[in-house]
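These are the residues of each chain, in order.
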Amino acid sequence: MKKLLSLVLLVVLVASLFVGCTEEKAETAPVNEEKETTSTETEKKDKIVLGFASNSYSDKWQTYLNDAVQKKCDELGVEVVFSDGKGDPATQLANVENFIVEGVDAILIVMVDPSAPKPFITACENAGIPLIAVNRKFEGANVFVGSDDINAGNIQMEYVAEALAEKGNVVILEGMPGHNSAVKRTEGNTMILDNYPDMQLIFKDTGKWDRAKGMEITENWLQSGEEINAIIANNDEMAIGAIRALEAIGKNDEVIVAGVDATPDALEYVKNGTLEVTVFQSPFGQGGTGVEAAMDLINGVKVPEYVDVPFEKVTIDNVDEYIKIWE
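All figures in this text were calculated on a predicted structure; none of them were measured in a lab.

1. Section: the pattern of salt bridges
Overall, the coordinates contain ten salt bridges when judged by the stated rule. In this structure, Asp 149 engages Arg 185 in a salt bridge whose closest nitrogen and oxygen atoms are separated by 2.7 Å. Of this pair, Asp 149 sits in helix α5 (residues 149-163) while Arg 185 sits in helix α6 (residues 180-193); the two residues are 36 residues apart in sequence, bridging distant segments of the chain. Asp 149 sits in the buried class, given a relative accessible area of 3%. Overall, Arg 185 belongs to the buried group, its relative accessible area being 2%.

2. Examining the confidence of the model for the protein chain
This prediction gives the protein chain a mean pLDDT of 88; 86% of its residues lie at or above 70. A low-confidence stretch, residues 1-44 (pLDDT under 50), is modelled with zero contacts involving residues beyond four sequence positions or located in other chains.

3. Regarding the layout of surface pockets
If you add up the space inside the largest pocket, you get close to 600 Å³. What lines the largest pocket is a set of 24 residues, and nearest its centre among them are Asn 55, Asp 59, Arg 136, Lys 208 and Trp 209. Breaking the lining of the largest pocket down by element, the ones donating at least two residues are α2 (60-76) and α6. If one sorts the elements of the lining of the largest pocket by residue count, α2 sits on top with three residues.

4. Let's talk about helix α3 (residues 89-102)
With 14 residues, α3 extends 20 Å from end C-alpha to end C-alpha; this agrees with the ideal 20 Å at 1.5 Å per step. Summarising the contacts, the buried residues of α3 are in contact with β1 (49-54), β2 (79-84), β3 (106-109) and α4 (118-127). Downstream of α3 by one or two residues, Gly 103 has phi in the positive range, about 80 degrees.

5. Description of the nonpolar core
Note on soluble globular proteins: their nonpolar side chains tend to be buried together. Formed by 32 residues in total, the largest nonpolar core has its most connected members in Leu 173, Ile 228, Ile 231, Leu 267, Leu 275 and Val 314. Mapped onto this core, the elements with two or more residues apiece are β6 (168-174), α7 (211-222), β8 (230-233), α8 (236-248), α9 (264-271) and α11 (319-326). The element best represented in this core is α8, accounting for seven residues. Not counting the four nearest positions on each side in its chain, Leu 173 is found in contact with Asp 205, Gly 214, Ile 217, Thr 218, Trp 221, Ile 231, Ile 232, Ala 233, Asn 234, Met 238 and Ala 242. In this structure, Val 143, Val 145, Val 303 and Val 309 belong to the second largest nonpolar core, which totals 22 residues.

6. Observations regarding the sheet that holds β2
Read from one edge to the other, the open sheet built from six strands follows the order β2-β1-β3-β4-β5-β11, with strand pairing classed as parallel. Two strands bound the open sheet, and with one partner strand each, they are β2 and β11 (306-308). Going from strand to strand, the sheet's axes swing by 20 degrees on average, the running direction of each strand aside. Two strands pair when backbone bridges link them, and strand β5 (residues 143-146) and β11 are joined in this way by three bridges, in the parallel orientation. The partner of Val 145 across the bridge, within β11, is Val 307.

7. Observations concerning the packing of aromatic side chains
The tally for this structure, following the rule as stated, stands at seven aromatic pairs. Where Phe 52 meets Phe 82, the ring centres are 5.7 Å apart and the plane angle is 55 degrees; that geometry is what we call tilted. One end of the pair, Phe 52, is in strand β1; the other, Phe 82, is in strand β2, and 30 residues separate them in sequence. Exposure remark for Phe 52: the relative accessible area of 0% places this residue in the buried category. Grouping aromatic residues by their ring pairs yields a cluster made of Tyr 64, Phe 280, Phe 284, Tyr 322 and Trp 326.

8. Notes on the pairing of β2
Examined bridge by bridge, β1 and β2 share six bridges and lie parallel to one another. When the sheet's bridge partners are listed, Gly 51 is paired in β2 with Val 81.

About the criteria used
Residues numbered from 1 in each chain as written. Predicted model: local features only at pLDDT ≥ 70, side-chain atom pairs only at ≥ 80, totals over all residues. Heavy atoms only, no water. Salt bridge = Lys/Arg side-chain N within 4 Å of Asp/Glu carboxyl O. Helix = DSSP H or I, 4+ residues; strand = E, 2+ residues; numbered from the N terminus. Buried < 20%, exposed > 50% of the residue type's maximum accessible area, 1.4 Å probe, protein only. pLDDT = per-residue confidence, 0-100. Contact = heavy atoms within 4.5 Å. 1 Å grid on protein atoms, 1.4 Å probe; cavity = no way out; pocket = protein on both sides within 12 Å on 5 of 7 lines; lining within 4 Å. Points joined across faces, edges and corners; volume = space filled by probe spheres on them. Expected span 1.5 Å × (residues − 1). Core = buried A, V, L, I, M, F, W, Y, C linked by side-chain atoms within 4.5 Å. Pairing = 2+ DSSP bridges. Axes fitted to C-alpha atoms, helices over the stretch in contact; angles between N-to-C directions. Phe/Tyr/Trp six-rings, centres within 6.5 Å; stacked < 30°, edge-to-face > 60°.

Rendered as structure tokens:
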């Protein structure tokens, strides 16, 4: 009987030890799982993501800008997400709000309407997210990365004045009404024109940055009967439209045409002599510098309110250099 009682006690003791070990393992397992979760969350927080709010994917120059942003982000090991504003302020604002919900670290934007930036500024300020204006300046951004549009207009009109020996009638094709680039480039044109009393501005109209619209307006001017010696366009697309209108009536050799941007399409016209001058606006410089400015702001580095990417004059004498840039 005593042997049986001892055997029962031994079994009970072993069973209690096994249960104790099992409970101890059950208590320690969640601790390891919690450590793994914390590590993953930390990695996610350390990953920098930028949002790039494009004005419109249909704007050819802007597609080069987008490519430059992607390239710089790849170099820096930073993720970037893009959105298409489709030329509509409401769509672009919704895109920016989505970026904020997704938790991006900074937002770069080519504003559809630079005259109405307040909702974008307020949304980013409330979220504590830096807002970097690229290409198109507006008040309230943490920093503007772009080129001085007045200088572009100066370069165009100085070339035209010299080519015309400071005498003649000129017309201006303007970009979208209210856009800072359109306003400032035209201002740069007229600033220089005021220095030449024998040069007259006889027509000015809005081509809305569009090739077809530039062609249509130029056709109307040519049918007016007024002598036109030079056409100055706020961008290359409108300049190309003007050239096509001149080609249709065989007047390419009689009228000087000037553009801005030095896009690959425009450089071919410079090469063949129908676009006498354009002004290179570097999407590579603006895109890459915009990303660098965003990273500095994220890391607490002081950035100037305006980071200039200079314009450069392009003529038949140096066009090959710029053709190589795009290759």
